[in-house]
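The residues making up each chain are set out below.
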Amino acid sequence: MPEITMPRLSDTMEDGVVSAWLKQVGEPITRGEVVAEIETDKALMELEAYEDGVLEQILAAPGVRVPIGEPIAIVGDGSGTTATAAPAANSAAVAPPADSAAAAQPAETAAAQTGPADPVQEKPAAQSDPAAGPDERKKSSPLARKIARELGVDLAAVVGTGPGGRVTRQDVEAAHRQIAAAGTTAAPSPAAAPSPAAAPSPAAEAPAAPASAASAPSVVAAQPVPATDYEEIPLTTIQRVSAVRLAESKQQAPHIYLTSAIDVTDLLAFRTQLNTTLAAAGEGKVSLNDLLVKAVATTLRKDPAVNVSFAGDKLLRHKGIHLGVAVATPAGLLVPVLRDADRKSVSELAAETRDKAVRARERKLRADEMSGGTFTISNLGMFGIEQFTAVINPPESAILAVGAAADEVRLADAAVVTRKILRVTLSADHRAIDGAVAAQFLAHLKDLLEQPLRIIA
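To keep things clear, this report deals only with the structure shown in the data block. (Residues numbered from 1 in each chain as written. Predicted model: local features only at pLDDT ≥ 70, side-chain atom pairs only at ≥ 80, totals over all residues. Heavy atoms only, no water.)

Within strand β8 (residues 71–76), six of the six residues are buried, which leaves the element mostly enclosed by the surrounding structure. Summarising the sheet, strand β1 (residues 3–5) and β8 pair through three bridges and their orientation is antiparallel. Each residue of the ladder has a partner; that of Glu-3, found in β8, is Ile-74. Bridging between strand β6 (residues 53–58) and β8 involves four bridges; their strand directions are antiparallel. Residue pairing in the sheet places Leu-55 in a bridge with Val-75 of β8. (Buried < 20%, exposed > 50% of the residue type's maximum accessible area, 1.4 Å probe, protein only. Helix = DSSP H or I, 4+ residues; strand = E, 2+ residues; numbered from the N terminus. Pairing = 2+ DSSP bridges.)

Pasting the structure below:
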């Protein structure tokens, strides 16, 4: 029977999560019809049917993380429709939250459920599907087998929650957590529970006495954090991918940071005047960030040496200026891209930024609207943050962190005046951008922002 497999919906996608099925088992589908929503590392994407037929089985329930190329449903002529078998087999596939809840139980409860025997050996007896044979339960992904070897988990004793009973990484990690939780309670260390026949240690005789510096680490290591003291919150797909990419960025790209204090008093006055003109024409307002985006795009056109990517033995100097604007969403940080930002007016950039920010929070952006960026702007000024540094978004080579404009005292013609000062910090990949090049970029940006009429020239 034809299978619907997990497709590759973005360049960086390694697996996907079935967010929702829009078709149910037994319903007819036509080629090109949307049958499910897939959560990728960037957005919610629609999955279209490959051909006409009847949705006979759903192999991946909502919430399941499935590697690219693995089957998630079966399409046929309707003769093999099983409306309940597939969802039942995958009912444990939404197991990460359940595992988290189990991990948060008190140690005494976990011990009572598992007993002193090997908890993993008992888990299949309690949770395995009677209809599934031993061979099915032993199906596993290469990553699951690798992690099982590293953690010392017996795959034969782990119940798979993936398609067809496949053992996934999450299954292995959940089994390891259960072993750790039960093992701590069922087999306490001699230091924690000395036998009656053994002579009590000095620490046991005088519990109030301070531990020596040499013994302190072992004492701390012997005391696990009570499971009731924390709550496990699974990472979203976006958070998981961002964690990997940003860690790689800090490890691989030698960051340098340059900060510039910019007088934006005249820029704020110009924005007020511009919004008055736009309102009279029936157009939307522009924000300070919109003016910054336009100014950065104009400066990158003047300093193309910053609009680059590092590529091993060469640099890629991008012909287009495609600005990423960081947007905080409930699922994690997303970066919509404003393509050819240097060719658009401030009002066009403002409208596009608002539209993409709204759709980013609703998870309705397409993958192509969040890829291909050459430079990123991250603005935390609306939260009152005056200055910060940001991590470069690979494969870009620079990101600009923008703080809040604040009143500061300055000297002007021997007189003390109050001016609005905005601090921006450029993080640059030193492999691709020299310090002098980065400094020149900030100097040109400062000059442009302090003479705002030039922004729209």
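Having seen it, we continue.
Within this structure, the stated rule accounts for one aromatic pair. Measuring from ring centre to ring centre gives 5.7 Å for Phe-375 and Phe-441, while their planes differ by 45°; the resulting arrangement is tilted. Of the two residues, Phe-375 is situated in strand β16 (residues 375–379) and Phe-441 in helix α14 (residues 435–449); the sequence distance between them amounts to 66 residues. Note on Phe-441: relative accessible area 0%, which makes it buried. (Phe/Tyr/Trp six-rings, centres within 6.5 Å; stacked < 30°, edge-to-face > 60°.)

Moving on, we get to helix α10 (residues 237–252). The end-to-end C-alpha separation of α10 is 23 Å, in line with the 22 Å expected for 16 residues at 1.5 Å each. Among the residues making up α10, those that are buried are Thr-237, Ile-238, Arg-240, Val-241 and Ser-249. (Expected span 1.5 Å × (residues − 1).)

So, about the pattern of salt bridges. Applying the stated criterion across every chain yields a total of 20 salt bridges. Residue Arg-423 pairs with Glu-408 through a salt bridge whose shortest N-O separation is 2.4 Å. Of this pair, Arg-423 sits in strand β19 (residues 415–429) while Glu-408 sits in strand β18 (residues 406–412), and the two are 15 residues apart along the sequence. Where Glu-450 meets Lys-446, a salt bridge forms, and the shortest distance between an N and an O atom there is 3.1 Å. Residue class for Glu-450 comes out partly exposed when judged on its relative accessible area of 27%. Among the residues examined, Lys-446 registers a relative accessible area of 27% and is labelled partly exposed. What you see here is one network of salt bridges that share partners, running through Asp-355, Arg-359, Arg-366, Asp-368 and Glu-369. (Salt bridge = Lys/Arg side-chain N within 4 Å of Asp/Glu carboxyl O.)

Moving on, we get to unusual backbone geometry. Geometrically, the link from Pro-394 to Pro-395 is a cis peptide bond, its omega value of 10° lying close to zero. Despite not being glycine, Arg-363 shows a phi value in the positive range, around 60°. Given a relative accessible area of 12%, Arg-363 falls into the buried group.

Turning our eyes to something else, we now look at the pairing of strand β10 (residues 308–311). Where β10 lies against strand β11 (residues 314–317), four bridges are found, and the strand directions are antiparallel. Across the sheet, residue Val-308 finds its bridge partner in β11, namely Arg-317. Taking the residues that link successive antiparallel strands as the turn, the β10-β11 hairpin has two residues, and the phi of Gly-312 there is positive, at about 70°.

This part covers the sheet that holds β8. Whenever strands of a sheet pair, they do so through backbone hydrogen bonds, lying parallel or antiparallel. If you walk across this open sheet you meet the four strands as β1-β8-β6-β3, and the pairing is antiparallel. If you trace the sheet from one side to the other, it starts and ends with β1 and β3 (28–29), each paired once. In terms of strand pairing, β3 meets β6 through two bridges, oriented antiparallel. Bridge pairing in β6 places Ile-29 opposite Gly-53.

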